[in-house]
Amino acid sequence: MNTSVSAVPSERHRPSALRRAAAVATAGGIALAGVGLTAPAAHAADSDITFSNVVFNKGNPIVVGISAEVEAPLTYTVKSNVALDSWWVDAYRGTYGTNEYKLSGLTTRWGCGQSSAGGYTFRDCNETITVDPDNMPGGNGNNLVNSDATAWKTFGTAIKKGGGYDDDLLSVTVRLQRASRIVKMNASPEPVAKGKPITVTGTVQRANWSLHRYDNYGGRLVKLQFKPAGSSTYTTVKKVTASSTGYLKTTVTASRDGSWRWRYSGNTTSGPSNSSGDYVDVN
């Protein structure tokens, strides 16, 4: 096997529908270029090009709020025995080649390590995708909606030198989750006498992509955690179920100085979150 690491400069790519249309047109396949934002229809993957080892966000869900862009790593291998002009991997919802919309609004390629064996070229690529809830490539008015908190399907596309392209619909999925947060965290009184009760409160909320706001998230099982003064580690003291309006309230007995916080572990559609810590001085 011959191995070399290609010094590919940092590259930034447009949404994949535009990239494929532009690349195919440049390669001479004008008939495949489509019109506007519409991608060419998908076709079966060719055996001379395959995508494998696809991992979004190190195998973890991608958690997105209501406005901030989120970056996530993407790694994959593309194998070919034909010369390629370009290639990429993305996630989508809908029916591919008909009404799909893509996950990443921007992709940055940091590099592709290249090797060869058995007449094939292997490219191990390291990229970062950018997900913008207010600027999605297609879909529901270019915005995320709550139903997008699910597993997204994935695909790889390669553009051949001299014309033609290959789409590879992949078995890998990547899960998108709505960001959660815990606000109005308070532990009181401060200070407090040893052996006296401390009341801890807060409110669980979750991103509402459809309405572009955070809503209270009721019925969540949330951990109350404590970090002693001088320590860097929180440990769980008890579990509390939020009210129907997301409100949290419980009492604990003051024993030593330290910080209190809430910890929500998330679920299939919601990401995890911690509240801010509230330090209580115990006399």
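Look above for the structure.
Residues numbered from 1 in each chain as written. Predicted model: local features only at pLDDT ≥ 70, side-chain atom pairs only at ≥ 80, totals over all residues. Heavy atoms only, no water.

### Quick look at the packing of aromatic side chains
Next up, step 1: Under the definition given, this model contains seven aromatic pairs.
Next up, step 2: When the ring of F51 is compared with that of Y76, the centres are 6.2 Å apart and the planes differ by 45 degrees; the resulting orientation is tilted. Within this pair, whereas F51 is found in strand β3 (residues 49-56), its partner Y76 is found in strand β5 (residues 70-80), the two being separated by 25 residues in sequence. With respect to class, F51 is no different from Y76; both count as buried.
Next up, step 3: By way of ring pairs, the aromatic residues Y92, Y96 and F155 are connected into one cluster.
Next up, step 4: In this structure, R206 packs its charged tip against the face of Y217, placed 4.1 Å from the ring centre.
Next up, step 5: The ring of Y217 carries the charged tip of R220 above its face, separated from the ring centre by 4.2 Å. (Phe/Tyr/Trp six-rings, centres within 6.5 Å; stacked < 30°, edge-to-face > 60°. Helix = DSSP H or I, 4+ residues; strand = E, 2+ residues; numbered from the N terminus. Buried < 20%, exposed > 50% of the residue type's maximum accessible area, 1.4 Å probe, protein only. Lys NZ or Arg CZ within 6 Å of the ring centre and 35° of its normal.)

### Things to note about the nonpolar core
Next up, step 1: Of all hydrophobic cores here, the largest spans 32 residues; its most connected members are F51, I62, W87, L103 and W152.
Next up, step 2: Those elements that provide at least two residues to this core are β3, β4 (62-64), β5, β6 (84-93), β9 (120-131), β10 (151-160) and β11 (165-178).
Next up, step 3: When residues of this core are assigned to their parent elements, the largest contribution, five residues, is made by β5.
Next up, step 4: If we skip the residues at most four places from it in the chain, W87 touches F51, Y76, V78, R109, C112, R123, C125, T157 and A158.
Next up, step 5: In terms of nonpolar packing, the next biggest core, distinct from the first, is built from 21 residues, M185, V192, W262 and V280 among them. (Core = buried A, V, L, I, M, F, W, Y, C linked by side-chain atoms within 4.5 Å. Contact = heavy atoms within 4.5 Å.)

### Topic: the state of the cysteines
Next up, step 1: Applying the stated criterion across every chain yields a total of one disulfide.
Next up, step 2: A disulfide bridge connects C112 with C125, and the sulfur atoms are separated by 2.1 Å. Torsion about the S-S bond of the C112 and C125 cystine: about 110 degrees, corresponding to right-handed handedness. With a gap of 13 residues between them, C112 in strand β8 (residues 106-117) and C125 in strand β9 connect regions that are remote in the sequence. (Disulfide = S-S within 2.5 Å.)

### Focus: the sheet that holds β10
Next up, step 1: One open sheet holds the five strands; their spatial order is β4-β11-β10-β6-β7, and the pairing between them is mixed. Strand pairing shows two members of the sheet lacking a second neighbour, β4 and β7 (101-102), which therefore form its edges.
Next up, step 2: Where β4 lies against β11, three bridges are found, and the strand directions are parallel. Note that in β11 the partner of I62 across the bridge is L176. (Pairing = 2+ DSSP bridges.)

### A short note on the pairing of strand β14 (residues 213-216)
Next up, step 1: Summarising the sheet, strand β13 (residues 197-208) and β14 pair through four bridges and their orientation is antiparallel. Paired with Q205 across the strands is N216, a residue of β14.
Next up, step 2: Linking two consecutive strands that pair antiparallel, namely β13 and β14, is a turn of four residues; a positive phi of about 60 degrees is found at H212 within it.

### Things to note about the pattern of salt bridges
Next up, step 1: For the structure on display, the rule yields six salt bridges.
Next up, step 2: One salt bridge in this structure joins D85 and K161, with 3.1 Å as the shortest N-O distance. With D85 in strand β6 and K161 in the loop between β10 and β11, the pair connects residues that are 76 residues apart, well separated along the chain.
Next up, step 3: Relative accessible area serves as the criterion here: at 40%, D85 is assigned to the partly exposed category.
Next up, step 4: Of the residues examined, K161 reaches a relative accessible area of 51% and is grouped as exposed.
Next up, step 5: E100 is the salt-bridge partner of K102, the closest N and O atoms lying 2.8 Å from each other.
Next up, step 6: For K102, a relative accessible area of 3% corresponds to the buried category. (Salt bridge = Lys/Arg side-chain N within 4 Å of Asp/Glu carboxyl O.)

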